[in-house]
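The chain contents come next:
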Amino acid sequence: SSEAGEEPTKASPAPTPDPDTVPVPATGPAKDCTKEFCDNQLSPDYLLRYQVNVPDDTTADVCDGCTISMELIYDGEAWVSVALSRNGQMIGSEAVIGLPGDNKVEKYNLGGKSDDAVLPMSESNQTLSDTSIEVKDGQTIMKFTKIMKEAGEIEITPGDNTFLWAYGSSDVLGYHGFTSKSPFELNLSSEAGEEPTKASPAPTPDPDTVPVPATGPAKDCTKEFCDNQLSPDYLLRYQINVPDGTTADVCDGCTISMEMIYSGDAWVSVAFSTDGQMIGSEAVIGLPGDNKVEKYNLGGKSDDAVLPMSESNQTLSDTSIEVKDGQTIMKFTKIMKEAGEIEITPGDNTFLWAYGSSDVLGYHGFTSKSPFELNLSSEAGEEPSKEAAVPAAPTSAS
């Protein structure tokens, strides 16, 4: 809008489940997590309870021989898990997974993203005690006690620890869903439990918490392109085109010109969403190998559910895609309000970004997608462009 670009636009968290921005649990009396269970609300429907068990001959800060007892409570019936990680990424992490259908709670190596790469550890490594999993009153409840320091495994320290949480859509181990997983940090030091635990984004590398770009002169995004650094290697540039007969806030007949610049050679996309989810969203996808920029309906997570819109809906103008100096650059102009499609408003908008690993449309990768918000109102843009913390999870093309 006319004032939208007074400073670069600031993106804010997508409005629906944001598993990487975890709420602070309700406050209460200070707890000693070595004497009673402390709670960590990982998501609205997933609760972690834990207690550090300290032997008599050590202290909570040294914690020689300590174990940790955990309870994971999910509001539904499905497999549940918590994993220990060095870097907040799935691959290379070590998980405890509970399968209510098999009545099993075991330790797993997460060797890859496919089901056949998620394998139980050897029998000699299955050292959990007090294990149980049950479905009761509509909740899946997994309990176990784990030795905090085990030879050849990722250590749970009395200080900072990086974990991952996830749950499934059934009791059969498989894909966990777009919003059903996230990294989080947990500090188990003696000072950490004086207040209720707060989960925070994983510290390294977190592709969904993108740094604020350096500030520059205030911009009017109706007169020049404004920038939004979606990830370290993916930049959105956009300008709102306002016809003479309207205003930037009303925006009758407005269009938006977008440029997506990816540091690599691959398909690229941006999608328009009502809820921050892939399914049901509408995307613009650029395929450099085919030299095509088209609108798509995202009907599902499989490749065959990501389909170009009908010819009558292919209303983009000024389209181009090229690979130049190692960058994929897609450009297009889109009508902001089109009959039967998700509207781009002069206020809050929820978008998705994604890019692939090649110029053939397919799976975009674990960290190569995210929802984000963009406010195009006259009040927006008073702060530099900032990507919101939102989790990435594997799907097909959004």
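Look up: the structure comes first, before these words.
In this text the structure is predicted, and so the values were computed from the model without any measurement.

Colleague: Explain the overall build of the protein chain here, please?
Modeller: The number of helices and strands found in the protein chain is zero helices and 22 strands. For the protein chain, with 398 residues in total, the buried portion stands at 54%. Long-range pairs, those at least 24 residues apart, make up 59% of the contacts in the protein chain between residues at least 6 apart in sequence. Total accessible area computed for the protein chain in this model is approximately 17,200 Å², and 49% of it derives from carbon and sulfur atoms.

Colleague: How do you make sense of the sheet that holds strand E18 (residues 306-308) when you look at a structure like this?
Modeller: Within a sheet, adjacent strands bond to each other through the backbone by hydrogen bonds, running parallel or antiparallel. One open sheet holds the six strands; their spatial order is E18-E17-E16-E15-E21-E22, and the pairing between them is antiparallel. Whereas interior strands pair on both sides, the edge strands pair on one side only; in this sheet they are E18 and strand E22 (369-375). Neighbour to neighbour, the strand axes of the sheet diverge by 30° on average, direction disregarded. Across seven bridges, the pairing between strand E21 (residues 348-355) and E22 is antiparallel. When the sheet's bridge partners are listed, Ala354 is paired in E22 with Lys369.

Colleague: Please clarify how the packing of aromatic side chains should be interpreted in this entry.
Modeller: Each aromatic ring pair is characterised by the separation of its centres together with the angle its planes make. Counted according to the given criterion, the structure contains 13 aromatic pairs. Between Tyr46 and Tyr167 the ring centres are 5.3 Å apart and the planes differ by 70°, which places this aromatic pair in the edge-to-face class. Separated by 121 residues along the polypeptide, Tyr46 in strand E2 (residues 46-53) and Tyr167 in strand E10 (residues 160-167) bring together distant segments of the chain. For the pair shown, Tyr46 and Tyr167 are each scored as buried. Each member of the aromatic cluster is reached from another via a ring pair, and the members are Tyr46, Tyr74, Trp165 and Tyr167. Above the plane of the ring of Phe272 lies Lys334, whose end atom (NZ or CZ) is 5.3 Å from the centre.

Colleague: Help me understand the side chain of Lys334 in this model?
Modeller: Structurally, Lys334 can be placed in strand E20 (residues 327-335). One polar contact links Lys334 to Glu338, side chain to side chain, over a distance of 2.9 Å.

Colleague: Honestly, the sheet that holds strand E19 (residues 317-324) in this entry has me stumped. Any pointers?
Modeller: Spatially, E12-E13-E14-E20-E19 is the arrangement adopted by the five strands of the open sheet, whose pairing is antiparallel. The sheet is open, and its two edges are formed by strand E12 (226-231) and E19, each paired on a single side. Each neighbouring strand pair of the sheet contributes to a mean axis angle of 15°, computed without reference to strand direction. Here strand E13 (residues 234-241) pairs with strand E14 (residues 255-262) via eight bridges, running antiparallel. Directly across from Asn241, in E14, lies its bridge partner Thr255.

So, how was this worked out
- Residues numbered from 1 in each chain as written.
- Predicted model: local features only at pLDDT ≥ 70, side-chain atom pairs only at ≥ 80, totals over all residues.
- Heavy atoms only, no water.
- Helix = DSSP H or I, 4+ residues; strand = E, 2+ residues; numbered from the N terminus.
- Buried < 20%, exposed > 50% of the residue type's maximum accessible area, 1.4 Å probe, protein only.
- Contact = heavy atoms within 4.5 Å.
- Areas by Shrake-Rupley, 256 points an atom, 1.4 Å probe, with all protein chains shown as cover.
- Pairing = 2+ DSSP bridges.
- Axes fitted to C-alpha atoms, helices over the stretch in contact; angles between N-to-C directions.
- Phe/Tyr/Trp six-rings, centres within 6.5 Å; stacked < 30°, edge-to-face > 60°.
- Lys NZ or Arg CZ within 6 Å of the ring centre and 35° of its normal.
- Polar contact = N/O pair within 3.5 Å; in protein donor to acceptor, adjacent residues only side chain to side chain.

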